[in-house]
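This is what each chain is made of:
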Amino acid sequence: MERIVIENCAVATVDAQDTEYASGHVVVAGNRIESVGPGAAPEGLERVVRRVDGTGHLVTPGLVNTHHHFYQWLTRGLAQQSALFDWLVALYPTWSRIDERMVHAAARASLAMMVRGGVTTAMDHHYVFPRGAGDLLGAEIRAAREMGVRFSPTRGSMDRGESAGGLPPDFAVETTEAALIATEEAIDTYHDPGFDSMLRIGVAPCSPFSVSTELLREAAELARRKGVRLHTHGSETVEEERFCKELFGMGPTDYLASTGWLGEDVWMAHCIHMGDADIEAFARTGTGVAHCPSSNARIAAGTAPVPALLAAGVPVGLGVDGTASNETGELHTELRNALLVHRLAGGADALSVRQALRLGTYGGARVLGRAAETGSLEAGKLADLVLWKVDGLGHSSIADPVAALVLGAAAPVTLSLVDGRAVVEDGRLVTVDEEVVAREAGDEARRLARIVAGD
């Protein structure tokens, strides 16, 4: 196998012991990490096709995004001062007019922003499927393949419209049967369970206030029959808790538990308004959390109890969330934002820089069920890694390279590998043309706006 050698850099492995080297190396053989350690790489390595001098850099595992809505790239900057329910009501009429071409352009732009900033495993939760819109999930998958990123899309769904007491308008939802059939078809068509899989499908009814109890239960049964993971939104706002108590007579966690939605194969986005009993239920069942600090702040949803979740042993990763509620579209900035948000809420020791890095790497891999394969730099794991430049203006006076990455300005990415292949070189995407991606996404956003305006 051909080898890539990276040496003379600081190394943060994010393994179980948080092993770090002030100056170390990583050797990649094919699509696997062959060795990680202090000092120079072993001598006598054969078929070395590239040597990278990492002086002034920190190498970490690639970042893992655990929650996103790619299509929202087309509606950034709207509903600027709305809380979640008002924000959704304002945007659903626009979202219900998306089509395959729009989703492909939005997915490419969303992925480009993340990958350029160190994401090697991306996730998306797509749940809006207007009639006659084309193959929207396939458009996302095509975009991820073009980008060269490891991808964990979930086939979302909504079947509870306004007439049934839900939040989305009736024209934006599917029937329960249609949603389940399409979800099973997506699994059968795309899902690859292999160790080095580049594509895994999940099952993802949208939220308690947009799907029926029947859909939740049958989706859980479908996912477990097919051996795939489950994802939804949970405990995002106080309004959601009120909604669940009024409609179901219990809070979101108890309601989701009653439909089979707690377990090691489940992760939920946000999980902000959780009490001790909710946290204990997640810890007991191994249910994971996708923490989205910037989005939570953007729509004033609240601060998730992440320190308490981590203390209880709940798997927690970071999520960008849709770019209509986190317009930067970046995950690496969420390392810093998570740390600052939780220190503001819980004090200076609420979250450390290394805990923040773990959330964005191993924590995310654990939430997606891929911790055996990625999320840390260890021999035998997949070669998904990032080389961050930390000797420039924004970082050179910070002696601790992990602190430089988390607390400093967004660090430039000198090299990012996915499955042993370069996707970023010197801060630029190598698999797609960024200018073309930006132009196409802008064109599709304007086309969507014209359709909504009736032009």
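Up top is the structure these notes are about.
No experiment lies behind these values; they were computed from the predicted model shown. Sequence positions are assigned chain by chain, starting from 1 and proceeding in written order. A pLDDT threshold of at least 70 governs which residues receive local features in this predicted model, and a stricter bar of 80 or more applies before side-chain atom pairs are shown or counted, although totals over entire chains, interfaces and linings include all residues. Side-chain measures here rest on the full set of heavy atoms in the structure, leaving out hydrogens and waters.

A.B. asks: So what's going on with helix H5 (residues 213–226)? Which residues, and what values?
C.D. replies: Because an α-helix completes one turn every 3.6 residues, residues spaced three or four positions apart along the sequence face the same direction. Comment: elements are numbered from the N terminus, with helices defined as DSSP H or I runs of at least four residues and strands as E runs of at least two. Given the number of residues in a helix, its expected span is that number minus one, multiplied by 1.5 Å. In a regular helix each residue adds 1.5 Å, so 14 residues correspond to 20 Å; H5 covers 20 Å between its end C-alpha atoms and thus fits that length. Residue exposure (1.4 Å probe, protein chains only): buried if accessible area is under 20% of the type maximum, exposed if over 50%, otherwise partly exposed. Taken together, the buried positions of H5 are Thr213, Leu215, Leu216, Ala219, Ala220, Leu222 and Ala223. For H5, the elements touching its buried residues are strand E8 (150–157), helix H4 (176–190), strand E9 (202–205), strand E10 (229–234), helix H6 (238–248) and helix H7 (252–258). Phi turns positive one or two residues past the end of H5, at Gly227, with a value near 75°. Should any heavy atoms of two residues lie within 4.5 Å, those residues are counted as being in contact.

A.B. asks: Provide a residue-level description of the nonpolar core, including the pertinent values.
C.D. replies: Among buried residues, those of type Ala, Val, Leu, Ile, Met, Phe, Trp, Tyr and Cys that are joined through side-chain atoms within 4.5 Å constitute a nonpolar core. Counting residues in hydrophobic clusters, the biggest one holds 116 residues, and the most contacted among them are Trp95, Ile98, Leu111 and Trp261. The element that contributes the greatest number of residues to this core is helix H2 (residues 100–116), accounting for 10 residues. Apart from the residues within four sequence positions on either side, Leu111 is in contact with Phe70, Ala122, Ala143, Ala144, Met147 and Val149. Membership of the second largest hydrophobic core comes to 15 residues, among which are Val28, Val59, Leu387 and Leu415.

A.B. asks: Residue-level account of empty space enclosed by the protein, with values.
C.D. replies: For each structure, a 1 Å grid was placed over the protein atoms alone; sets of points admitting a 1.4 Å probe that cannot get out are labelled cavities, open sets with protein on both sides within 12 Å along at least five of seven lines are labelled pockets, and lining residues have an atom within 4 Å of a point. Grid points are joined across faces, edges and corners, and a volume is the space filled by probe spheres set on the points. Under the counting rule described, the total for this entry stands at 2 cavities of 30 Å³ or more. Lining of the largest cavity is provided by 18 residues; of these, Leu84, Trp87, Leu88, His233 and Glu236 occupy positions nearest its centre. When residues in the lining of the largest cavity are grouped by element, the largest group, 4 residues, is from helix H1 (residues 84–95). Counted as a void, the second largest cavity has a volume near 50 Å³. Residue lining of the second largest cavity: Ala12, Thr13, Val14, Asp18, Thr19, Glu20, Arg354, Leu357 and Val402, and that is the complete set. The nonpolar class holds Ala, Val, Leu, Ile, Met, Phe, Trp, Tyr, Cys and Pro. Asp, Glu, Lys and Arg form the charged class, and all remaining residues, Gly among them, are polar. The class makeup of the residues in the lining of the second largest cavity is 4 nonpolar, 2 polar and 3 charged.

A.B. asks: Go over the packing of H4 against H5 with me, naming the residues and quoting the values.
C.D. replies: Working note: a packed helix pair is described by the angle between its axes plus the distance between those axes. Helix axes are fitted only over the stretch in contact, all axes being lines through C-alpha atoms; the angle between N-to-C directions runs from 0 to 180 degrees. For the pair H4 and H5, the least separation of the axes is 10 Å and the interaxial angle reads 20°. By the angle between their axes, H4 is roughly parallel relative to H5. Where H4 crosses over H5, the handedness of that crossing is right-handed. Residue-level contacts link Thr176, Ala179, Leu180, Thr183, Glu184, Ile187 and Asp188 of H4 to Glu214, Leu215, Glu218, Ala219, Leu222, Arg225 and Lys226 of H5. Split into classes, the residues belonging to the contact of H4 with H5 amount to 6 nonpolar, 2 polar and 6 charged. An angle counts as roughly parallel when it lies under 35 degrees, as roughly antiparallel when it exceeds 145, as roughly perpendicular when it falls between 65 and 115, and as oblique in every other case. Crossings are assigned a handedness: left-handed for a near helix turned anticlockwise from the far helix by less than a right angle, right-handed for a clockwise turn.

A.B. asks: Provide a residue-level description of the packing of aromatic side chains, including the pertinent values.
C.D. replies: In this scheme Phe, Tyr and Trp rings, the latter by its six-membered ring, pair at centre separations within 6.5 Å, and the angle between planes marks the pair as stacked below 30 degrees, edge-to-face above 60, and tilted otherwise. Following the criterion strictly, the structure yields 9 aromatic pairs and no others. Relative to Trp95, the ring of Tyr71 lies with its centre 5.2 Å away and its plane at 85°, an arrangement referred to as edge-to-face. Taken as a pair, Tyr71 in the loop between strand E6 (63–64) and H1 and Trp95 in helix H1 lie far apart in primary sequence, 24 residues in all. Since its relative accessible area comes to 0%, Trp95 is described here as buried.

A.B. asks: If you had to explain the pattern of salt bridges to someone new, which residues and values would you point to?
C.D. replies: Salt bridges are defined by distance alone: a side-chain nitrogen of Lys or Arg within 4 Å of a carboxyl oxygen of Asp or Glu. What the rule picks out here adds up to 32 salt bridges. Residue Lys226 pairs with Glu184 through a salt bridge whose shortest N-O separation is 3.5 Å. A residue pair is termed long-range when its members are at least 10 positions apart, and Lys226 in helix H5 and Glu184 in helix H4 qualify at 42 residues. Classification of Glu184 as partly exposed rests on a relative accessible area of 24%. A salt bridge links Arg354 to Asp400, with the nearest nitrogen and oxygen atoms 2.9 Å apart. Pair noted here: Arg354 is in helix H12 (residues 353–367) and Asp400 is in the loop between strand E14 (385–389) and helix H13 (401–407), with a separation of 46 residues, a long-range link. Given a relative accessible area of 26%, Arg354 falls into the partly exposed group. Classification of Asp400 as partly exposed rests on a relative accessible area of 27%. Ionic contacts of the salt-bridge type, sharing partners, join the residues Asp99, Arg101, Glu444 and Arg447 into one network.

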